[in-house]
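Remarks on the overall topology
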Amino acid sequence: LIEMVSTDLVTGNVQTSGILQGGQDITISWITYNQGTAQAKNIKDIVYLSLDDVVDNRDIKIGEVIHTEIAGQSSLSSVLNYKFPLDLSGKWRLVIITDAANNNVEKDAENNNKTIQSLDIAKAEYADLVVTDVRVPEQTIGDPALLKVEWTVSNMGTGAGINTAWTDTVVY
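Quick caveat, the model's predicted, so the values are computed rather than measured.

Of all hydrophobic cores here, the largest spans 17 residues; its most connected members are Ile28, Trp30, Val47, Leu49, Ile62, Phe84 and Leu94. Of all the secondary-structure elements, those providing two or more residues to this core are β2 (25–34), β3 (40–50), β4 (60–70), β5 (74–83), β6 (90–97) and β7 (114–121). Setting aside its immediate chain neighbours within four residues, Ile28 contacts Gln15, Thr16, Val47, Ile62, Ser78, Val79, Leu80 and Leu94.

Time to look at the pattern of salt bridges. Per the stated rule, a full pass over the model turns up 10 salt bridges. Salt-bridge contacts for Lys61 lead to Glu64; the nearest nitrogen and oxygen are separated by 2.7 Å. Residue Lys61 is classed as partly exposed on the basis of its relative accessible area of 44%. The closest approach of N and O atoms between Lys107 and Asp108, which form a salt bridge, is 3.7 Å. When sorted by exposure, Lys107 lands in the same class as Asp108, which is exposed. One salt-bridge network, in which partners are shared between bridges, spans Asp133, Arg135, Lys148 and Glu150.

Along the chain, the position of Asp99 falls in the loop between β6 and β7. For the buried Asp99, which has no salt bridge, the nearest side chain bearing the opposite charge is Lys44, at an N-O separation of 9.5 Å. Within the local environment of Asp99, its side chain forms a polar contact with the side chain of Asn104, the two groups lying 3.2 Å apart.

By the element assignment, Thr32 lies in strand β2. On the accessibility criterion, Thr32 (0% relative accessible area) is buried. Among all residues touching Thr32, those that are not within four sequence positions of it are Val10, Thr11, Ile43, Asp45, His67, Ile70, Ser74, Ser75, Leu76, Ser78 and Thr98.

Reading across from one edge, β4-β3-β6-β7 is the order of the 4 strands in this open sheet, with antiparallel pairing throughout. Across the chains shown, the open sheet's two edge strands, defined by having one partner strand only, are β4 and β7. If you compare each strand with its neighbour and ignore which way they point, the axes differ by 15 degrees on average. Of the strand pairs in this sheet, β3 and β6 are connected by 5 bridges, and their pairing is antiparallel. By the bridge assignment for β6, Tyr48 is matched with Val95.

Conventions we followed
Residues numbered from 1 in each chain as written. Predicted model: local features only at pLDDT ≥ 70, side-chain atom pairs only at ≥ 80, totals over all residues. Heavy atoms only, no water. Core = buried A, V, L, I, M, F, W, Y, C linked by side-chain atoms within 4.5 Å. Buried < 20%, exposed > 50% of the residue type's maximum accessible area, 1.4 Å probe, protein only. Helix = DSSP H or I, 4+ residues; strand = E, 2+ residues; numbered from the N terminus. Contact = heavy atoms within 4.5 Å. Salt bridge = Lys/Arg side-chain N within 4 Å of Asp/Glu carboxyl O. Lys, Arg positive; Asp, Glu negative; His and termini not counted. Polar contact = N/O pair within 3.5 Å; in protein donor to acceptor, adjacent residues only side chain to side chain. Pairing = 2+ DSSP bridges. Axes fitted to C-alpha atoms, helices over the stretch in contact; angles between N-to-C directions.

Encoded structure:
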């Protein structure tokens, strides 16, 4: 009797926590399973943000996790933290590829190493501060002259933004 032993690496149970919005921090967790009967070694999981289901040079690499080994019929959990770029928004896909370095032979099981989860990332609220209503006297005479300048700053953006403090500078 000849028994075939092989690894079969897949990922699943993908979860995100945090606010799915540009500029915000999220935590991504998943489980890497070895559904095969042989022990898998040096398993590299890579996580991407992609606009489609195909990983290419337009995608954002979030990070990677290396598992030293996973016994047959066993699994390991992984976690990555990531901060979305401030200008990122729209319909994205979280793509997790296990055994990305192809360190393990998976007989008849190489085409199930990718897991995809859709993410709808909201546009970040941002401040767009604009100086309005500048007030200065029409005439000032003196040597040295004392000049009183007043102005109003209005937020023309979509929200408060990430920074809640700023400095106004008068250039003369």
